[in-house]
2 protein chains.
Amino acid sequence: MDIALVGIGKIAVDQHVPSIAASPDWDLTATVSRQGSVEGVPAFDDFDRMLEENPGIRVVSLCLPPVPRFDFAARALKAGRHVMLEKPPGATLSECGELENLARAQGLSLFATWHSREADKVDAAKAWLADKTLRSLTVTWREDVRRWHPGQDWIFEPGGLGVFDPGINALSIVTKILPVPIHLASAVLRIPENRQAPIAAALSFAHPGGARVACEFDFRQEGEQTWTIEAVCDEGTLLLTHGGGQMYIDGQPTGETEVGLAGEYPRLYAAMAALVRKGGIDMDLSPMRHVADAFLLGRRETVAPFDF
Amino acid sequence: MDIALVGIGKIAVDQHVPSIAASPDWDLTATVSRQGSVEGVPAFDDFDRMLEENPGIRVVSLCLPPVPRFDFAARALKAGRHVMLEKPPGATLSECGELENLARAQGLSLFATWHSREADKVDAAKAWLADKTLRSLTVTWREDVRRWHPGQDWIFEPGGLGVFDPGINALSIVTKILPVPIHLASAVLRIPENRQAPIAAALSFAHPGGARVACEFDFRQEGEQTWTIEAVCDEGTLLLTHGGGQMYIDGQPTGETEVGLAGEYPRLYAAMAALVRKGGIDMDLSPMRHVADAFLLGRRETVAPFDF
């Protein structure tokens, strides 16, 4: 199937372009971007013109930032194209709901992707937890914003989400692997005095079985980076490390460690191909809803200024 | 039908109790509260005991604050009771989703009430706007927090919503009367330097027809109080005043002015009776979703400290 890619920035070049190139499902036949392009692929800067001139492109993948994303997604859907959205699927929950209604009215596929859910051991973790009695779930997501987002001031602007940009990845895994729903009970958001968005956050959730569910997100982690989820159950302890790339049950690893994003984006593009073939919408907003709840209910604390 | 009222505070005494007393549909047969009670009605402080001892009470109305509300609602639904929720329906969007799923699984009615939607002229405004071409919609909601919430520090605490406590009423009207969906484009939240929640806010929304949609909320309004919505259309101008109690079309009033909350709560209880009789769920979260979007996307500005 022919696909167009919109927003040729770092994540597009690092993940989307190679995943599409390696896929048996997709041919990258156009890009739309103000600056970037991909060698050998027709490049447009006018999205509507690309759609008009390429009626054979039935699918559009949007990896531009969340704030302008709604406009492009709505125009693609109105033009009869299936749409794939980078995470988070929009700047507001309301606009995501509008897109879902529009896709349904048009009979088109819409996929809100959560790449971390495709990490290698996430399905196995979900299967293991399905019949266990959870006592506590602890998420520790500590990374160095200077290393992963060097100079990207937008991440601390309104809508940039701050530490919830990686934190929403953890929440996308948690909401996939837990067999029951949770909701935020309290949160602390730590905001640098010269910024708008949190650089660290601590969340506590209510779990229907009374388990202690807590997340610790921190963007100030130098040295070793940590992306782990530990689930202590009556039947044993599950530990996900490497953002879902490795799983330990009672301390024993369960296979090779997948490092970095590795297979995540190829699996997303395979899932999009399957969704388009069978038809339908995959628009699970629960990770983003938890983030909005944290902004709504969280207590704000001012911390030291942050500069890149 | 027998009904129990939970949380006997100011809004219960001022609105819920008289509305139930005046209704042909309802008998108030129990209250649950840590402090308040209603003369002549059996008072409980243990919610589960009230449910156990009163199998004939099929409906529970919850008017306690949003943060503890989920627990009571979930227990009532699990005990097979229909539930009516004061606004906002919970402290988080995620918990509201859980309640909706629980009610559906139990085959029970659940009603997220928005009392301002029942203001006298709101239905007429919706009907008038249905076939008009909107150019701008301007919401002005300015009231004196010292007058309406004297000494209520909780309103400026996390989860208390600050000026969005009245502002969500305006949003509940806007989302009812507009024939198309809108989503937040930008917002400014003005937060007193000694408080957690905004004392004023300015919101700007994206409208599918390109109309300018803006809200101005302010909790610092002394003297005359303003709760108006003005809709300028190609075909004329609609003005709602008194929080929906009066409507002007091109400057001409459309009937008597309903002042204060007047008929709002009696209409809510009539709507709940109808919902229980026909079965089903009325859980429109759109006003709360817009507030969460404002907390998620809004730019925060620090303003002068506020004390009651």
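Residues numbered from 1 in each chain as written. Chains lettered and ligands numbered in written order. Predicted model: local features only at pLDDT ≥ 70, side-chain atom pairs only at ≥ 80, totals over all residues. Heavy atoms only, no water.

Going by the annotation in an unreviewed UniProt entry, the name recorded for chain A is L-arabinose 1-dehydrogenase (NAD(P)(+)), with Pseudooceanicola algae given as the source organism.

1. Section: the UniProt feature "domain: Gfo/Idh/MocA-like oxidoreductase N-terminal" (unreviewed entry) in chain A
This chain's UniProt record puts "domain: Gfo/Idh/MocA-like oxidoreductase N-terminal" (unreviewed entry) on residues 2–110 of chain A. Helix makes up 43% of residues 2–110 of chain A and strand 20%. Its end C-alpha atoms lie 16 Å apart. (UniProt positions renumbered as here; feature names shortened; annotations may be inferred. Helix = DSSP H or I, 4+ residues; strand = E, 2+ residues; numbered from the N terminus.)

2. Details of the relation of the copies chain A and chain B
Superposition of chain A onto chain B requires a rotation of 180° combined with a translation of 0.0 Å along the rotation axis, giving an RMSD of 0.0 Å. A rotation of that kind, with that shift, is consistent with a two-fold axis. A share of 100% of the interface residues of chain A reappears at the interface of chain B, consistent with the copies meeting face to face through the same patch. (Least-squares fit on C-alpha atoms with pLDDT ≥ 70 in both. Contact = heavy atoms within 4.5 Å.)

3. Focus: the pattern of salt bridges
Residue and element names in this part refer to chain A. Enumeration over the complete set of coordinates arrives at 38 salt bridges over all chains. The salt bridge partner of Glu 53 is Arg 49, with a shortest N-O separation of 2.8 Å. Of this pair, Glu 53 and Arg 49 both sit in helix H2 (residues 47–53), 4 residues apart, which is roughly one turn of the helix. When its relative accessible area of 45% is taken as the criterion, Glu 53 is described as partly exposed. The salt bridge involving Glu 258 is made with Arg 267; its shortest N-O contact spans 2.8 Å. The class for Glu 258 is buried, based on a relative accessible area of 12%. (Salt bridge = Lys/Arg side-chain N within 4 Å of Asp/Glu carboxyl O. Buried < 20%, exposed > 50% of the residue type's maximum accessible area, 1.4 Å probe, protein only.)

4. Regarding empty space enclosed by the protein
According to the stated counting rule, one finds 4 cavities of 30 Å³ or more in the structure shown. Estimated volume of the largest cavity: approximately 70 Å³. What lines the largest cavity is simply Pro66(A), Pro88(A), Gly90(A), Ala91(A), Gly159(A), Leu161(A), Ile168(A), Met288(A), Val291(A) and Leu296(B). Class assignment of the residues belonging to the lining of the largest cavity gives a composition of 8 nonpolar, 2 polar and no charged. (1 Å grid on protein atoms, 1.4 Å probe; cavity = no way out; pocket = protein on both sides within 12 Å on 5 of 7 lines; lining within 4 Å. Points joined across faces, edges and corners; volume = space filled by probe spheres on them. Nonpolar A, V, L, I, M, F, W, Y, C, P; charged D, E, K, R; others polar.)

5. Points about the interface of chain A and chain B
Contact residues are listed per partner, giving 29 residues for chain A and 29 residues for chain B. Buried area between chain A and chain B, both sides added, is near 2700 Å², and the carbon and sulfur share of it is 58%. Applying the counting criterion to the chain A and chain B interface returns 2 salt bridges. With a shortest N-O distance of 2.6 Å, Glu157(B) and Arg299(A) are connected by a salt bridge. In this assembly, chain A and chain B are joined by 12 residue pairs in polar contact (both at pLDDT 80 or more). The greatest single-element share of the side of chain A that touches chain B, amounting to 9 residues, is contributed by helix H9 (residues 286–297) of chain A. Residues of the side of chain A that touches chain B, tallied by class, amount to 15 nonpolar, 7 polar and 7 charged. (Buried area = accessible area lost by both parts, 1.4 Å probe. Polar contact = N/O pair within 3.5 Å; in protein donor to acceptor, adjacent residues only side chain to side chain.)

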